[in-house]
Amino acid sequence: MMKACTMRIGFFGAGKMAEGILSAMPDRSSVIVSDVNPARLAEIAKTYGVAATGDVREVAKSASLIFLAVRPQDAATVAEAVKPVLKAGQTIVSIVAGKRLAVLRRLFGRKPGLVRVMPNLALRAKAGMCAICAPKGTPPKAVKAVRDILSAAGEAVVLPEKDFDAVTALSGSGPAYFAYMEEAMAEAGVALGLKPAAARLLAEQTMYGTAKFLRESGMPLRPFIEGVCTKGGTTAAGMAVMDASDFKRVVAGTLKAAAERSRELA
Ligand SMILES: NC(=O)c1ccc[n+]([C@@H]2O[C@H](COP(=O)([O-])OP(=O)(O)OC[C@H]3O[C@@H](n4cnc5c(N)ncnc54)[C@H](OP(=O)(O)O)[C@@H]3O)[C@@H](O)[C@H]2O)c1
């Protein structure tokens, strides 16, 4: 499955997201990572048995597929350092939020292929959601390699770049919103008399189990909701409050604000 790993894979930045991708790779023998933080670099090298360097140019010189996994404000510094040593045939895979392909092209120059990815934090549990966009001309082998690597860390779909602000708002930022919902459910459980640890477990397992069932069954959402809402029952009583509330308007506003911020960051 992981033919991708026969090519040398590099990382600019060895933070949380890089570790999520790295930890899901079944074969890390050809990986080289770089980071400005020596302690972090040593920890990643030791945990995953990968080559490590404090110099991003070492990665740029030796890897053919390189994940750009630094924070948005650090992307230009990395690009400036590696641009002179990048060659045609290499591919930069940016997971940086908001940075468009046109911006990445300006930063990294004309030589390397480019792929833009919007991942989410759940890839740290091998249950990530990644959207992939590759412009025309990106070597198909590189796009397949990216897809294989990210599929090992969850789901990966290919989408046009015009969708990326919406993707960023929904799946990129989504883990925080679902955790917020869990927090609200757990707090409501505590208000009903549950101990905090029990309330959290009940909320979390219910969220996890519901998503797992929906994914595995492929059941449409409306019949599922209506199926749980037995007429005159407890769920129906709760659902009536939810239905009469501003809940969906608040969720729509939340995603709209995140998508607007994504557009601004570009
Ligand atoms: N976290 C998310 O949920 C999420 C979701 C979607 C997309 N993303 C994107 O993923 C990217 C990485 O996020 P993250 O959460 O993994 O960030 P992170 O944990 O802060 O990791 C970034 C790492 O890069 C290092 N770094 C900074 N400048 C560098 C340089 N010039 N050369 C080499 N390494 C350098 C940082 O070191 P220092 O800390 O010492 O500066 C840090 O270890 C971001 O661009 C973000 O937009 C994140």
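Residues numbered from 1 in each chain as written. Predicted model: local features only at pLDDT ≥ 70, side-chain atom pairs only at ≥ 80, totals over all residues.

### Section: the overall build of the chain
Working step 1: Scanning the chain for helices and strands turns up 12 helices and eight strands.
Working step 2: Along the first, second and third principal axes, the C-alpha set of the chain runs to 70 × 40 × 35 Å.
Working step 3: By residue count, 33% of the 266 residues in the chain fall in the buried class.
Working step 4: For the chain, the share of sequence-separated contacts (at least 6 apart) that also reach a separation of at least 24 residues comes to 62%. (Helix = DSSP H or I, 4+ residues; strand = E, 2+ residues; numbered from the N terminus. Buried ≥ 20, exposed ≤ 12 C-beta atoms within 10 Å, placed from the backbone. Contact = placed C-beta atoms within 7 Å.)

### Some remarks on helix 7 (residues 164–172)
Working step 1: Extensive coverage of helix 7 is indicated by the burial of seven of its nine residues.
Working step 2: Taken as a whole, helix 7 has its buried residues at F164, D165, V167, T168, A169, S171 and G172.
Working step 3: Turning to helix 7, the residues buried within the fold contact strand 6 (113–118), strand 7 (128–133), helix 8 (174–191) and helix 12 (247–265).

### Focus on the packing of helix 7 against helix 12
To characterise two packed helices, one gives the angle between the axes of the helices and the distance between these axes.
Working step 1: Taken N-terminus to C-terminus, the directions of helix 7 and helix 12 make an angle of 130 degrees; their axes are 8 Å apart at the nearest point. When the interaxial angle is binned, helix 7 and helix 12 end up oblique. The element helix 7 and its partner helix 12 pack so that their crossing is right-handed. Facing helix 7, whose interface residues are D165, A166, T168, A169 and L170, helix 12 presents L255, A258, A259, S262 and R263.
Working step 2: Of the residues contributing to the contact of helix 7 with helix 12, the split by class is six nonpolar, two polar and two charged. (Axes fitted to C-alpha atoms, helices over the stretch in contact; angles between N-to-C directions. Parallel < 35°, antiparallel > 145°, perpendicular 65-115°, else oblique. Left-handed = near helix turned anticlockwise from the far one by under 90°. Nonpolar A, V, L, I, M, F, W, Y, C, P; charged D, E, K, R; others polar.)

### Some remarks on the site of the ligand
Working step 1: Residues in contact with the ligand amount to 27 residues; listed here are only the nearest, G13, G15, M17, N37 and A97.
Working step 2: Counting residues per element, the ones that place at least two in the shell around the ligand are helix 1 (16–24) and helix 4 (75–82).
Working step 3: No other element matches helix 1, which puts three residues into the shell around the ligand.
Working step 4: When its residues are assigned to classes, the shell around the ligand shows 15 nonpolar, seven polar and five charged. (Near = placed C-beta within 6 Å.)

### Digging into the nonpolar core
Working step 1: Counting residues in each nonpolar core, the largest one holds 58 residues, and the members touching the most others are F12, I21, I66, F67, L68 and V93.
Working step 2: In this view, F67 contacts F11, F12, A18, I21, V93 and I95; residues no more than four positions away in its chain are not counted. (Core = buried A, V, L, I, M, F, W, Y, C linked by C-beta atoms within 7 Å.)

### Quick notes on the packing of helix 8 against helix 9 (residues 196–217)
Working step 1: Direction vectors running N to C along helix 8 and helix 9 enclose 135 degrees, while the axes themselves pass 8 Å from each other. By the criterion of interaxial angle, the relationship of helix 8 to helix 9 is oblique. Helix-helix and strand crossings are classified by hand; for helix 8 and helix 9 the assignment is right-handed. Residue-level contacts link F178, E182, M185, A186, G189 and V190 of helix 8 to P196, A199, R200, L202, A203, E204 and M207 of helix 9.
Working step 2: Partitioned by chemical class, the residues of the contact of helix 8 with helix 9 number nine nonpolar, one polar and three charged.

### Some remarks on the domain arrangement of the chain
Working step 1: Along its sequence, the chain is organised into domain 1 (3–161) and domain 2 (172–265).
Working step 2: Partitioned by chemical class, the residues of the side of domain 1 that touches domain 2 number five nonpolar, two polar and no charged. (Domains from an automatic or database assignment.)

### A word on the pairing of strand 2 (residues 31–34)
Working step 1: By the alternation rule, side chains of strand 2 split into V31 and V33 and I32 and S34, which are all buried.
Working step 2: Both strand 1 (residues 9–12) and strand 2 contribute to a ladder of four bridges, which runs parallel. By the bridge assignment for strand 2, I9 is matched with V31.
Working step 3: Handedness of the β-α-β unit built from strand 1, helix 1 and strand 2 comes out right-handed.
Working step 4: Judged from the three bridges that link them, strand 2 and strand 3 (residues 51–53) form a sheet pairing that is parallel. (Pairing = 2+ DSSP bridges. Right-handed = clockwise from strand over helix to strand, strands pointing away.)

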